[in-house]
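Survey of secondary and tertiary structure
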Amino acid sequence: MSHWQELERRYYLQVARRLPVTLVRGQGARVWDDTGKEYLDFVAGWAVNNLGHCHPAVVEAIAEQARTLIHTSNQFYTIPQVQLAQLLVENSVFDRVFFCNSGAEANEGAVKLARKYGRLRRNGAYEVITTLNSFHGRTLAMVAATGKPHYQEPFRPLPPGFVNVPFNSLEAIQQATTDRTCAVMLELIQGEGGVYEADPEYVRGVSRWCREQGLLFIVDEVQTGIGRTGTLFAYEQYGVEPDVMTLAKGLGGGVPIGAFLVKEEAAVLEPGDHGSTFGGNPLACAAGLATLKYVIENDIPAKAARVGAYLKARLNDLRSRYEWVTEVRGRGLLLAVQFDREVSERVVLGCLEAGLLVNGVTPSAIRLMPPLIITEAEADQAVAILDSVLARVGASG
Ligand SMILES: *Cc1c(COP(=O)(O)O)cnc(C)c1O
């Protein structure tokens, strides 16, 4: 174990399952550890580094803003916050933005908004329907929203007001809807759950149901947003207009920032209802503005769609050669490779050894979510490494 890993063991709360690597530097789709070893990064800090590591546009914006104004309170107007809000509104179906610091916090804000909406417009309704196998974050309320018993059990009692129903079943949502329901909150692709896509028919059905019943339709695009799935936001591919969308991961180019966006008709929060000390601070918003501008001006979502389709095809070539590789799923650059056995840990460690970072998203599937700026050559390199690792893992049964 290295010096840094020993110190971590001594001083840090032991909640992360870390790989035995200390990363010290990144550039583009590559990172280096403290021994100088290079890795192709197909995890990208959990789908955060959409422009890769240390993209010059982001680095310069952060350095410039750090020299100018890092933080002030939301009692005052600040320019990067307003600019980033405008850019998000102009490039989405939403009218207003609130900035916070993480995905969980963005979802918390969306749920507060939904409860106030229920209070004003639906006789005090407060319940939010979410799906099993979802992921909405780690705060107490978002653990209740996240339909995964192993995240919930140790922390009971959980805040009331959440109902978890099976994913991809409109009927389950319809049956769970009562006078208490104020909103439905969905991921369009369950990322952390294993890269399971919502059926387009289901998404349209949920949107219609919410409209008919007067419920808010909230999409959690914390992982799918900012070009990851091949459009700036994933909802664009389903022909729906949600009432609320949450963002975080890819928005700040690696700097912590979260946001929720809402349509004017649903923007029921008023002065004093919500806030955040750091939320929307100039440094985070300057990073977000530089990231989003670059993503839009260089049509990074289209690049993600193209190289994502290419990578998916190459992964399907692998699938056709290993009978125990059963499925490749996902869209854009949010992909998973499914095995018929629980080998993802061995695959992850084999790839790590060979210089490729991937995520073991379930015991029997790996998730690939590289920076959106990867080239076909980098996709080929990752597939070649994965091929050699699968050959070894397959041979040992
Ligand atoms: C990662 C994630 C979250 C939580 O984001 P944090 O920034 O870790 O709080 C919420 N929703 C989805 C869909 C995510 O992928």
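Before going further, it helps to spend a moment on the side chain of Glu187. By the secondary structure assignment, Glu187 is in the loop between β7 (181-186) and β8 (189-190). It turns out Glu187 is buried and unbridged, and the closest side chain with the opposite charge, Lys148, is 7.1 Å from it. From its side chain, Glu187 meets the backbone nitrogen of Phe135 in a polar contact 2.9 Å long. Within polar-contact distance, the side chain of Glu187 engages the backbone nitrogen of Gly191 at 3.3 Å.

Once that is clear, we can look at unusual backbone geometry. The omega torsion of the bond from Arg156 to Pro157 falls at 5 degrees, within 30 degrees of zero and hence cis. Take Pro157: it is sitting in the loop between α7 (149-152) and β6 (162-165). Not every positive phi belongs to a glycine, and Cys54 is a case in point at roughly 50 degrees. Along the chain, Cys54 turns up in the loop between α2 (44-47) and α3 (56-68). Its relative accessible area of 46% is what places Cys54 among the partly exposed residues.

One can describe the packing of helix α11 (residues 300-321) onto helix α13 (residues 376-395) by two numbers: an axis separation of 10 Å at closest approach and a directional angle of 20 degrees. In this view, α11 runs roughly parallel relative to α13, as classed from their interaxial angle. The way α11 lies across α13 gives a crossing that is right-handed. Mapping the contact onto sequence places Val307, Tyr310, Leu311, Arg314, Leu315, Leu318 and Arg321 in α11 and Glu376, Ala379, Asp380, Val383, Leu386, Asp387 and Leu390 in α13. The residue inventory of the contact of α11 with α13, partitioned by class, reads nine nonpolar, no polar and five charged.

What follows concerns the site of the ligand. Within the structure, the ligand sits among Ser102, Gly103, Ala104, Asn107, Phe135, His136, Gly137, Glu187, Asp220, Val222, Gln223 and Lys249. Ala104 has a polar backbone atom sitting 2.8 Å from an oxygen atom of the ligand. With respect to the ligand, the side chain of Lys249 contributes an N or O atom lying 2.6 Å from an oxygen atom. Starting from 380 Å² of accessible surface for the ligand in isolation, the protein chains cover 82%. Among the elements that make up the shell around the ligand, the one with the highest residue count is helix α5 (residues 103-121) (three residues). Among the residues forming the shell around the ligand, the class breakdown is three nonpolar, six polar and three charged.

A word on the nonpolar core. Ranked by internal contacts, the top residues of the largest apolar core, which has 93 residues, are Leu315 and Val347. Counting residues per element, this core draws most heavily on α13, which supplies eight residues. Setting aside residues no more than four positions away along its own chain, Leu315 makes contact with Val328, Leu335, Val337, Leu368, Val383 and Leu386. Ala114, Ala125, Ala145 and Leu158 belong to the second largest nonpolar core, which has 25 residues in total.

Analysis parameters
- Residues numbered from 1 in each chain as written.
- Predicted model: local features only at pLDDT ≥ 70, side-chain atom pairs only at ≥ 80, totals over all residues.
- Heavy atoms only, no water.
- Helix = DSSP H or I, 4+ residues; strand = E, 2+ residues; numbered from the N terminus.
- Buried < 20%, exposed > 50% of the residue type's maximum accessible area, 1.4 Å probe, protein only.
- Lys, Arg positive; Asp, Glu negative; His and termini not counted.
- Salt bridge = Lys/Arg side-chain N within 4 Å of Asp/Glu carboxyl O.
- Polar contact = N/O pair within 3.5 Å; in protein donor to acceptor, adjacent residues only side chain to side chain.
- Axes fitted to C-alpha atoms, helices over the stretch in contact; angles between N-to-C directions.
- Parallel < 35°, antiparallel > 145°, perpendicular 65-115°, else oblique.
- Left-handed = near helix turned anticlockwise from the far one by under 90°.
- Contact = heavy atoms within 4.5 Å.
- Nonpolar A, V, L, I, M, F, W, Y, C, P; charged D, E, K, R; others polar.
- Near = heavy atom within 4 Å.
- Areas by Shrake-Rupley, 256 points an atom, 1.4 Å probe, with all protein chains shown as cover.
- Core = buried A, V, L, I, M, F, W, Y, C linked by side-chain atoms within 4.5 Å.

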